[in-house]
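Structural description and commentary
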Amino acid sequence: SLRTSADGSSWNSPAALNNGASINDIAYSSTLSLYVVVGNSGFAAYSSDLISWTTAGTPSTLTANLMTVAATKSAIVASGALSGTYIRSTDGAAW
């Protein structure tokens, strides 16, 4: 899970990430100034500040665990645990 802290003592899970989904990877897109996390069962979310997170719109047919995510200048790509599973986004919100 991903946790944030304003003082280094008290830690909180952002509401959009506190849904029981395991977070497997995080990436930062300097082009979009956006952080993206991916996790189990096709879960993905994005944030510009690491505090407020929005669940991303991944395909409803995607049930594989997303294990890695990487950002390039033109896209964000996530790959899954099953061979050949990947999704792509140009804005972090729609996949």
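Everything discussed here concerns the structure shown above.
Per chain, residues are indexed from 1 in the order of the written sequence. In keeping with the predicted nature of the model, local features appear solely for residues at pLDDT of at least 70, side-chain atom pairs appear and are counted solely at 80 or more, and the whole-chain, interface and lining totals rest on all residues. Derived side-chain values reflect all non-hydrogen atoms in the structure, with water molecules and hydrogen atoms excluded from consideration.

1. Considering the environment of Ala-71
Secondary structure elements are taken from DSSP: a helix is a run of H or I of four residues or more, a strand is a run of E of two residues or more, and numbering for both begins at the N terminus. Mapped onto the fold, Ala-71 is located in strand S5 (residues 66-71). When accessible area is computed with a 1.4 Å probe and restricted to protein chains, residues below 20% of their type maximum are described as buried, those above 50% as exposed, and intermediate ones as partly exposed. Since its relative accessible area comes to 31%, Ala-71 is described here as partly exposed. Linking Ala-71 and Leu-32, residues 39 residues apart in sequence, is a C-alpha distance of 9.5 Å. Two residues qualify as a contact provided that any one of their heavy atoms is within 4.5 Å of a heavy atom in the partner residue. Sequence-distant contacts of Ala-71, that is, excluding residues within four places in its chain, are made with Ala-27, Tyr-28, Ser-29 and Ile-76.

2. Observations concerning the nonpolar core
It is characteristic of soluble globular proteins that their nonpolar side chains tend to be buried jointly. Residues grouped as a nonpolar core are buried Ala, Val, Leu, Ile, Met, Phe, Trp, Tyr and Cys residues, joined through side-chain atoms within 4.5 Å. Counting 13 residues, the largest nonpolar core has Val-38, Leu-66, Val-69, Ala-78, Ile-87 and Trp-95 as the members making the most contacts within it. Of all the elements in the fold, those that place two or more residues in this core are strand S2 (34-39), S5 and strand S6 (76-80). Contacts of Trp-95, omitting those with residues within four sequence positions, involve Val-36, Ala-44, Ala-56, Gly-57, Thr-58, Pro-59, Ile-76, Val-77, Ala-78, Ile-87, Arg-88 and Ser-89. Ile-23, Val-37, Phe-43 and Ala-45 belong to the second-largest nonpolar core, a separate cluster that totals five residues.

3. Observations regarding the pairing of strand S1 (residues 23-29)
We call two strands paired when DSSP finds no fewer than two bridges between them. Two strands pair when backbone bridges link them, and S1 and S2 are joined in this way by six bridges, in the antiparallel orientation. From the neighbouring strand, Ile-23 faces S2, where its bridge partner is Gly-39. Taking the residues that link successive antiparallel strands as the turn, the S1-S2 hairpin has four residues, and the phi of Ser-33 there is positive, at about 50 degrees.

4. Notes on the sheet that holds S1
One open sheet holds the four strands; their spatial order is S1-S2-S3-S4, and the pairing between them is antiparallel. Here the strands that pair on one side only, and so sit at the sheet edges, are S1 and strand S4 (54-55). Relative to S4, strand S3 (residues 44-47) is paired through two bridges, and the arrangement is antiparallel. Among the inter-strand pairings, Tyr-46 is bridged to a residue of S4, identified as Thr-54.

5. Comments concerning the side chain of Ser-29
Locating Ser-29 in the fold gives a position in strand S1. Each residue touching Ser-29, except ones within four places of it in the same chain, is listed here: Leu-34, Ala-71, Thr-72 and Ile-76.

6. Considerations on the environment of Ser-48
Along the polypeptide, Ser-48 turns up in the loop between S3 and S4. Classification of Ser-48 as exposed rests on a relative accessible area of 53%. When the C-alpha atoms of Ser-48 and Tyr-28 are compared, they prove to be 9.2 Å apart, with 20 residues separating the residues in sequence. Leaving out residues up to four positions away in the same chain, Ser-48 has contacts with Ser-33, Leu-34 and Tyr-35.

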